[in-house]
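Residue-level structure breakdown
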Amino acid sequence: MTFLRKRNCPECGAEMQPQLINILYKREKCETQIDVIGIPANVCTKCFYRIIPSKIAKYIDSIIDPIFDAESMQQDKVLPAPHVGIQFPPVERELYC
Ligand SMILES: [Zn+2]
């Protein structure tokens, strides 16, 4: 389990709070969209700047990269590009803050 450190916003200096966020991932020249739900991140309480710990960002990349790669390698467009949803079960707040 990765822990988020309490820190201040690099953009505006306000306090940041650990939160679970959702991000829609897209790639250039690829119509596939991947909706990732429940990502632990530090979010600024003032300007909403978000920081995802690099360990978590890398892990998510390792899941979604093969999906984008498989989709962009399709020769025949059998179906329209899919919208993929990935959902992490909620984690106890104490575990990541
Ligand atoms: Zn801020």
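Look above for the structure.
Residues numbered from 1 in each chain as written. Predicted model: local features only at pLDDT ≥ 70, side-chain atom pairs only at ≥ 80, totals over all residues. Heavy atoms only, no water.

1. Some details on the pairing of strand β2 (residues 30-44)
Along β2, 11 of the 15 residues are buried, which leaves the element largely enclosed by surrounding structure. Where strand β1 (residues 16-27) meets β2, 12 bridges bridge the pair, whose relative direction is antiparallel. By the bridge assignment for β2, Lys 26 is matched with Gln 33. Taken together, β1 and the strand that follows it, β2, pair antiparallel across an intervening segment of 2 residues, in which Lys 29 is found at a positive phi of about 60°. Alignment of β2 against strand β4 (residues 83-87), held across 5 bridges, turns out to be parallel. Bridge pairing links Asp 35 to Gly 85 in β4. (Buried < 20%, exposed > 50% of the residue type's maximum accessible area, 1.4 Å probe, protein only. Helix = DSSP H or I, 4+ residues; strand = E, 2+ residues; numbered from the N terminus. Pairing = 2+ DSSP bridges.)

2. Observations concerning unusual backbone geometry
Of note in this structure, Lys 29 is not a glycine but carries a positive phi near 60°. Assignment of secondary structure puts Lys 29 in the loop between β1 and β2. The backbone of Phe 48 shows a phi angle near 65°, a positive value even though the residue is not glycine. Position of Phe 48 among the secondary structure elements: in the loop between β2 and β3 (50-51).

3. Things to note about helix α1 (residues 54-72)
Between its terminal C-alpha atoms α1 stretches 25 Å, which fits the 27 Å expected from 19 residues at 1.5 Å a residue. Here the buried face of α1 lies against β1, β2 and β4. (Expected span 1.5 Å × (residues − 1). Contact = heavy atoms within 4.5 Å.)

4. Structural notes on the coordination of the zinc ion
Donor atoms from the polypeptide that bind the zinc ion are Cys 9 (SG), Cys 12 (SG), Cys 44 (SG) and Cys 47 (SG), placed at 2.2 to 2.4 Å. Given 4 donor atoms and angles of 102 to 117° at the metal, the environment of the zinc ion is assigned as tetrahedral. All donors of the zinc ion come from a single chain, and their spacing in sequence reads C-x2-C-x31-C-x2-C. Separated by 38 residues along the polypeptide, Cys 9 in the segment before β1 and Cys 47 in the loop between β2 and β3 bring together distant segments of the chain. (Donors = N, O, S within 2.8 Å, 3.2 Å for Na, K, Ca; no water. Tetrahedral: all angles 85-135°; square planar, octahedral: opposite > 155°, others 65-115°.)

Purely spatial values, then, with no claim about function.
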